Amino acid sequence: MPGLVVFNRRWSIGSDDLPVPAMILVFLNSVWVIALVSMVIEVHMTDGWRGDCSGGFLWYPIMTIGLLALLTVNDVFIAVQSAKGGVFDKKARHNIPVLLYIRTALLVVETIWACSGCVLLNWKLRTSQCDSSDLVYTLLCVVVGSNMVVIFFTLLTLYMSFDSAGRTFTKFQNLQQNSADNSTSSEPTLRKLRDLHEEKWTSRVTAGFCCAALRKPSDKAVFNKIAILLADYFDNLDVVLSDFIAGMFLLRKQQKSAHADTVQQPTNDIYQYLSGMAISPRTKFLTLKDENMQSEFTCMLHFAEYALAAYGYQGQYFFYPAKACCRINICGRCRGCPSRQDERILVGDNCCQCQYAAITTCSPLSSEDDFIYGNYENKPNFPSYFVCLDHTYKKVVLCIRGTLSIRDALIDLQGDSTKLDDIHPSWKGHRGMVAAADNIFAELTEHQILESAFDRCPTSGYSLLVTGHSLGAGVAPIISFRLREKYPHLYCYAFSPPGGLLSLDAMNESREFTTSIVVGKDIIPRLGLPQLEYFRSDILSLLENSSTPKWRIFTSTLPLLGRCLEYQNTADLPISRSQNYSPFFTRTLSSTHEPMFMPGRVLHIVKNYPREKPKGSPLYQAVWADNSSFDTIIVSPSMLEDHLPNNVLEAMQKVVENHGPKKPEKMLSEEERRATLRCGDGEVISTGTDLSWEYTCQMEATVAFGNSIEEDFKSNSLQMLLNEEAKPPTQSLSAPLASEEDLLSVQHSTYSISSQKG
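The paragraphs below set out a description of the structure included in this document. Predicted model, so just to flag it, every value in this text is computed and none were measured.

For the pair helix H11 (residues 312-319) and helix H13 (residues 354-362), the least separation of the axes is 7 Å and the interaxial angle reads 65°. As far as their axial angle goes, H13 and H11 are roughly perpendicular. On H13, the residues that touch Gly312, Tyr313, Gln314 and Gln316 of H11 are Cys354, Gln355, Ala358 and Cys362. Classifying every residue of the contact of H11 with H13 gives four nonpolar, four polar and no charged.

In structure tokens form, the structure reads like this:
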């Protein structure tokens, strides 16, 4: 729900976030009450209260039990009230502020009581009335210590939920409610609130990237730009972090329901969704049976190994923690700093030459002599890269590393667009990646690195190939624009590039020399400022229309409780982008940013789970996709996993190893087959019913239809069904899932009317 307002201040926590913390406190307090009662009875039975140490101590545990009982009752009321209503249903939880005021008063009493216990114990020890081995003394130490632990975590929670702009936010809301014309009276408060939000995010960004050692004025400007983007996206909404997470769960369920409903609709030709992509008769699968396409895909797979090797030894230990030592051969390389390899070959390597070893041993390099140059200093707006020779395909390879460090993340976060004036006046690109491409291009030009690489080619006919993964896949097409003037035969392979990279005109131009490879439901190719804004609006719309409590949304994802705690069907929840959820901004509804796209042609590797083994290993198939089809963020557990370069390489290898299941074809029942036959005038008769899957061949269909077909339909319709050489109907009922024998025919849109759904 919107941020909780208590003590005339907004907090970064909602009133429906309290059931779990309150129940944890109820459990702990109940356990301590039972333990204290048991220990008091035990000490009383052993006459432990008659010694000098116990003098004056009997009242303390008894009063503590009473205080814990009051806290437990209050926490139970908080948990019950907080669990009521939907996320945005504040009226159902209107008693929460009153209960929190009572809880605060009890917290103050509890703190004073714990401090008095510490003083009392210290006084008993100093006056030698107690020994640390006494049972009564141990009991009271446990009581005081447990109270201190609870108080500490309570204060830590308050600190984490504190919002520095909370009081100004509340003041602005009051002005909006009390002022008939708040456009003028609330403007100064609105301006102050925006400034506070930007200052808060600037301090957060600065603290989060403190290890990046960026202290120049230009670096501070980068922090300010990132802070403005984050403040614009998050702080113009009166929601908390847990609301966003709950909305992602709802959106995931809604997306799955929407896809299932779309498949069931008889008015479209969508057969199924694979990795968020609609599969229809018009879908173009990669035809590996075609020698040219198979050769091109093998070439992509070859250079994907360079993109993975560019992550160096850190990436190898992260992606292959159990095999990294075997994959990287560093034996005999560590000779100490004075004798390490020439700095002119790989700048920024350590004394053990680990980066050099990782690149040369994990990439398809023929020998170490083919490594030309690399820069791994990882300076601001300067991603790591290397240049080498590939004799297998006669290429000079420029490979740019993806995000691996804090400074790389700063490049990613500069997500607004900037013009590519020196390339084309109307083109735009990702600001951070444009700056990174400019810096790499400047170093390549200054030291003539590519020229020296071509001079070392053993024969003629070598051309330039630019590649990279993630951040590197975003920088690669932009720097390729600059290099094409000198190297017109250049080509670029971008593995899992960011979605908000190029404007429409620049993207269309990049299709001439760039191919992007995307795996599954990878979130990065779907990330852009417009996509993020619509993603936010969809989440807020679902939360607004959902009556399911937040705790039930979270607990329904648990393996054991998921089926027991089913909640409202999200397919019935409308998603509306016409409502403003921001109390002071109007930019929530639609994107104010120009749409940006991933570069080049897009090859989408989708996952197909066989029906007989829905929880087994998927089959991977490659599909040519449109750049605009990645305009929606697909919420999935694999949305981050599919982005890892080792998973991208593995998925591409599996496409080559397994060509996918046999082409599934839809089968119709007898009545549905009659309804889909064409009459003599060309009109298609449809019953509007869902498709069923019974007949697998024309012989079986003929037997099922029998002679009654001639009575119901014209003879030319019968000939269309029974004649194997008849032309296929324009209304196709088959879904061209890739198979080795049918892939070529799929690209030419050759479909069959009898089929089997896989």
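Attention shifts here to the pattern of salt bridges. Close approach of charged atoms allows side chains with opposite charge to pair. Taken as a whole and judged by the stated rule, the model has 18 salt bridges. In this structure, Lys550 and Asp16 form a salt bridge, with 3.0 Å as the shortest nitrogen-oxygen distance. Here Lys550 is found in helix H20 (residues 550-555), whereas its partner Asp16 is found in the loop between strand E2 (9-10) and helix H1 (19-45), with 534 residues between them in sequence. Of the two residues, Lys550 and Asp16, neither departs from the other in class, the shared state being buried. Between Asp438 and Arg482 there is a salt bridge whose closest N-O contact spans 2.4 Å. Of this pair, Asp438 sits in helix H15 (residues 431-447) while Arg482 sits in helix H17 (residues 471-483); the two residues are 44 residues apart in sequence, bridging distant segments of the chain. A single salt-bridge network, built from bridges that share partners, covers Asp16, Asp17, Arg93, Asp243 and Lys550.

As a further point, take a nonpolar patch on the surface. On the surface, Val149, Phe152, Phe153, Leu156, Tyr159 and Met160 cluster together into a nonpolar patch covering about 700 Å² of accessible area. Along the chain, the position of Tyr159 falls in helix H4 (residues 135-160).

Take the packing of helix H9 (residues 241-264) against helix H19 (residues 529-545) next. Closest axis-to-axis distance for the H9/H19 pair is 8 Å, and the angle between their directions is 90°. It follows from the interaxial angle that H9 and H19 lie roughly perpendicular. Along its contact with H9, which presents Asp243, Phe244, Ala246, Gly247, Met248, Leu250, Leu251 and Gln254, the element H19 presents Phe535, Arg536, Asp538, Ile539, Leu542 and Leu543. Among the residues making up the contact of H9 with H19, the classes are represented as nine nonpolar, two polar and three charged.

Right, let's get into the side chain of Asn608. Topologically, Asn608 is positioned in strand E15 (residues 601-608). The exposure class assigned to Asn608 is buried, which follows from its relative accessible area of 5%. Among the polar contacts listed, one links the side chain of Asn608 to the side chain of Gln621, at a separation of 3.4 Å.

Per the stated rule, a full pass over the model turns up 17 aromatic pairs. Taking 5.4 Å as the distance between ring centres and 85° as the angle between the ring planes, the aromatic pair formed by Tyr311 and Phe319 counts as edge-to-face. With relative accessibility at 11%, the residue Phe319 sits in the buried group. Plain terms: the ring middles of Phe382 and Tyr385 are 6.2 Å apart, the flat faces sit at 35° to each other, and that makes the pair tilted. Classification of Phe382 as buried rests on a relative accessible area of 6%. Each residue in the set Phe303, Tyr306, Tyr393, Tyr491 and Tyr493 is aromatic and connected to the rest through ring pairs, giving one cluster.

So, about the sheet that holds strand E5 (residues 284-285). With respect to topology, ten strands assemble into an open sheet ordered E5-E16-E15-E14-E13-E12-E9-E8-E7-E6, the strand pairing being mixed. Every interior strand has two partners, whereas the edge strands, E5 and strand E6 (346-347), have only one. Of the strand pairs in this sheet, strand E9 (residues 395-400) and strand E12 (residues 463-469) are connected by six bridges, and their pairing is parallel. By the bridge assignment for E12, Cys399 is matched with Thr467. Packing against the sheet, H15 makes contact with strand E7 (371-375), strand E8 (385-390) and E9, and its axis sits at approximately 55° to E8. Sitting on the sheet, H17 touches E9, E12, strand E13 (491-495) and strand E14 (514-519), and the angle it makes with E12 is about 155°.

Looking now at the nonpolar core. Within soluble globular proteins, side chains that are nonpolar tend to cluster in buried spots. Ranked by size, the top nonpolar core spans 84 residues in total, and within it Tyr385, Val387 and Met652 carry the most contacts. The element contributing the most residues to this core is helix H10 (residues 291-309), with ten residues. In this view, Tyr385 contacts Tyr373, Gly374, Asn375, Tyr376, Leu398, Cys399, Ile400, Ile440, Glu443, Leu444 and Ile449; residues no more than four positions away in its chain are not counted. Listed in part, the 18 residues of the second largest apolar core include Tyr233, Phe244, Ile523 and Ile633.

The next thing to look at is unusual backbone geometry. Phi at Asn381 takes a positive value of approximately 55°, unusual for a residue other than glycine. With respect to the helices and strands, the residue Asn381 is situated in the loop between E7 and E8. By relative accessible area, Asn381 is classed as buried at 19%. The phi dihedral of Gln448 is positive, around 50°, even though this residue is not glycine. Structurally, Gln448 is set in the loop between H15 and helix H16 (449-455).

Look at H17: 18 Å from first C-alpha to last across 13 residues, which is about the 18 Å you get at 1.5 Å a residue. Burial analysis of H17 places 13 of its 13 residues in the buried class, which makes it a mostly covered element.

Its location among the elements puts Phe27 in helix H1. According to the relative accessible area criterion, Phe27 is exposed, its value standing at 55%. Separated by 49 residues in sequence, Phe27 and Val76 place their C-alpha atoms 9.9 Å apart.

Assignment of secondary structure puts Tyr620 in strand E16 (residues 619-625). Taking the C-alpha atoms as reference, Tyr620 lies 9.0 Å from Gly520; in sequence the two are 100 residues apart. Not counting the four nearest positions on each side in its chain, Tyr620 is found in contact with Ile605, Val606, Lys607, Ala651, Lys654, Val655 and Asn658.

Our next topic: the pairing of E8. Looking along a regular strand, one sees side chains alternate from face to face of the sheet. For E8, a buried count of six out of six residues is recorded, marking the element as mostly surrounded by other parts of the structure. Alignment of E7 against E8, held across four bridges, turns out to be antiparallel. Note on E8: the bridge partner recorded for Asn375 is Tyr385. Looking at chain direction, E8 and E9 are connected through six bridges and run antiparallel. Within E9, the residue paired with Val387 across the bridge is Leu398. Hairpin geometry of E8 and E9 is characterised by an intervening segment of four residues between the two adjacent antiparallel strands and by a positive phi of about 55° at Lys394.

What counts and how
- Residues numbered from 1 in each chain as written.
- Predicted model: local features only at pLDDT ≥ 70, side-chain atom pairs only at ≥ 80, totals over all residues.
- Heavy atoms only, no water.
- Axes fitted to C-alpha atoms, helices over the stretch in contact; angles between N-to-C directions.
- Helix = DSSP H or I, 4+ residues; strand = E, 2+ residues; numbered from the N terminus.
- Parallel < 35°, antiparallel > 145°, perpendicular 65-115°, else oblique.
- Contact = heavy atoms within 4.5 Å.
- Nonpolar A, V, L, I, M, F, W, Y, C, P; charged D, E, K, R; others polar.
- Salt bridge = Lys/Arg side-chain N within 4 Å of Asp/Glu carboxyl O.
- Buried < 20%, exposed > 50% of the residue type's maximum accessible area, 1.4 Å probe, protein only.
- Patch = residues over 30% accessible without salt bridge, like charges linked within 9 Å, V, L, I, M, F, W, Y side chains within 5 Å.
- Areas by Shrake-Rupley, 256 points an atom, 1.4 Å probe, with all protein chains shown as cover.
- Polar contact = N/O pair within 3.5 Å; in protein donor to acceptor, adjacent residues only side chain to side chain.
- Phe/Tyr/Trp six-rings, centres within 6.5 Å; stacked < 30°, edge-to-face > 60°.
- Pairing = 2+ DSSP bridges.
- Core = buried A, V, L, I, M, F, W, Y, C linked by side-chain atoms within 4.5 Å.
- Expected span 1.5 Å × (residues − 1).

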